[in-house]
Amino acid sequence: MSYAVLQIRPLPSYRREAFEKGLRAMGYTDIREYRAGRNWPSGPDDLLIVWNLMRGHDENYARAWEAKGGTVIVCENGYLQKVDKTHYAMSTHGHNGSGWFPNPGDGRERFERLGFEIKPMRIFEPASIILVRGQRGIGSQSMHSPPRWHERHAQALRSKGFKVIVMEHPGDKGKLEADAAALAKVHEVHIWCSAIGVRALLEGIPVKHYAPRWICAGWDVAGREFALHNMACAQWHHEEIATGEPFARMKAEGWGIFGAGAVKAPTRMTA
C-alpha cells in the first residue's frame, strides 16, 4: 500500500486539511508526518510532499527519496491569486519552474478562472524606471537567491545609468497589495524568480529573471499569454486540492519526467 509523507504545516488549517482530503481521495489512507530520513519509498506512488524545498538536509532527503524511486511533490504559495493563500503551486522535484507539472492543454480555461485581465505591454523608454525585487533566499541549492542579490544587481544597473527602485520582500502580510502598488510606477521588473514577475507580465511590464528557472521563463511579447496560461496549470485552489485532482493528474502521467526515481536534469519542462 502506497503512503504519503506530508510536510504541510498545520496553519492555515484549511490548507493542511485540503492536502489530507486530496490524498485520501486518491486512496492514501497512510499519511505520515514529515520527519526527514525516517521513511523511505518502495515505488513512485510513495509521495514526499514538502513545502518549498529548503537547501541542506531537507533537499538532500528529497533527492535521496527520488533516487530510491519515490516521488517528491514541492508546494508553495500560488504565483497569481486575487486573495492570498487561496491557491497553491504543486510540481514534482522542484519549485517555481524547476520541476514538472501536468499541462493537459486547458491553460486558458484555468487562467480565466483566476479572474485577471492581461493588459497591453508598457513601453520602455530612456526615462523608464526598473524595479528590482528582493527575495528571502528560500529554496533549493540551485533556486534560492544569493544573499543581497537585489542590492548588488540594482547597483550594477545604476552604474549603467538606469533609474532603479529597490523593493525588499514585504513578507506574508499585505504582499499582494504591496506588489500591486510597486508595479503601478515602474516600466520593467528584474527578479531572481519572484512571483511579482508573474503579476508584472499580467500588467504588461517586461520581466527579466536571473534564477536558473522561473515559472514564466521563456516568455516574449508574442508568447506572454501562453506563459501565463501555462503558469495557471501549475497552481490549484485549496478546494481543488481537496478533491485530489492535482494528484490524479500527476499520477496519470507517471508523476512526470521525475517519476520512477528519475533524478536527471529535465529534458522537457512546462515552464
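Note on numbering: residues in each chain are counted from 1, in written sequence order. Restriction of local features to residues with pLDDT of at least 70 applies here, the model being predicted, together with a cutoff of 80 or more for giving and counting side-chain atom pairs; totals for whole chains, interfaces and linings are based on all residues. Excluding hydrogens and water, the side-chain figures rest on all heavy atoms present in the structure.

Peer 1: Explain the sheet that holds strand β10 (residues 235-237) to me, please; I cannot follow it from the model alone.
Peer 2: Here a strand pair is declared whenever DSSP counts at least two bridges between the two strands. Note on conventions: DSSP H or I runs of at least 4 residues are helices, E runs of at least 2 residues are strands, and numbering of each starts at the N terminus. Pairing in this open sheet of 6 strands is mixed, and the strands run β2-β1-β3-β4-β5-β10 from one edge to the other. Looking at the sheet topology across the chains shown, the edges are occupied by β2 (31-33) and β10. Neighbour-to-neighbour, the strand axes of the sheet open up by a mean angle of 30°, direction not taken into account. Only heavy atoms enter the contact rule, under which two residues are in contact if any of them lie within 4.5 Å. Working convention: axes come from line fits to C-alpha atoms, limited for helices to the stretch in contact. Angles between N-to-C directions cover 0 to 180 degrees. Set on the sheet, helix α9 (residues 245-252) makes contact with β3 (47-51), β4 (71-77), β5 (87-92) and β10; between it and β5 the angle comes to about 20°.

Peer 1: Looking at this structure, how should I read the sheet that holds strand β7 (residues 163-167)?
Peer 2: Sheet strands associate in pairs through backbone hydrogen bonding, adopting either a parallel or an antiparallel arrangement. Spatially, 4 strands are ordered β7-β6-β8-β9 in an open sheet, and the strand pairing comes out parallel. Edge strands, defined here as strands with exactly one partner in the open sheet, are β7 and β9 (207-209). Neighbour-to-neighbour, the strand axes of this sheet turn through a mean angle of 20°, independent of strand direction. Packed onto the sheet, helix α4 (residues 149-159) meets β6 (129-133), β7 and β8 (188-191) and runs at close to 160° relative to β6.

Peer 1: Would you mind going over the pairing of β4 with me for this structure?
Peer 2: Two faces belong to every sheet, and in a regular strand the side chains alternate between them. Burial classes: relative accessible area under 20% of the type maximum marks a residue as buried, over 50% as exposed, and values in between as partly exposed (1.4 Å probe, protein chains only). For β4, the tally of buried residues reaches 6 of 7 residues, placing the bulk of the element in the interior. You can see the chain leave β3, run along helix α2 (residues 57-67) and come back into β4, and the turn it takes is right-handed. When the strands point away from the viewer, a crossover counts as right-handed if the route from the first strand across the helix to the second turns clockwise.

All quantities given are derived from atomic positions and should not be read as evidence of function.
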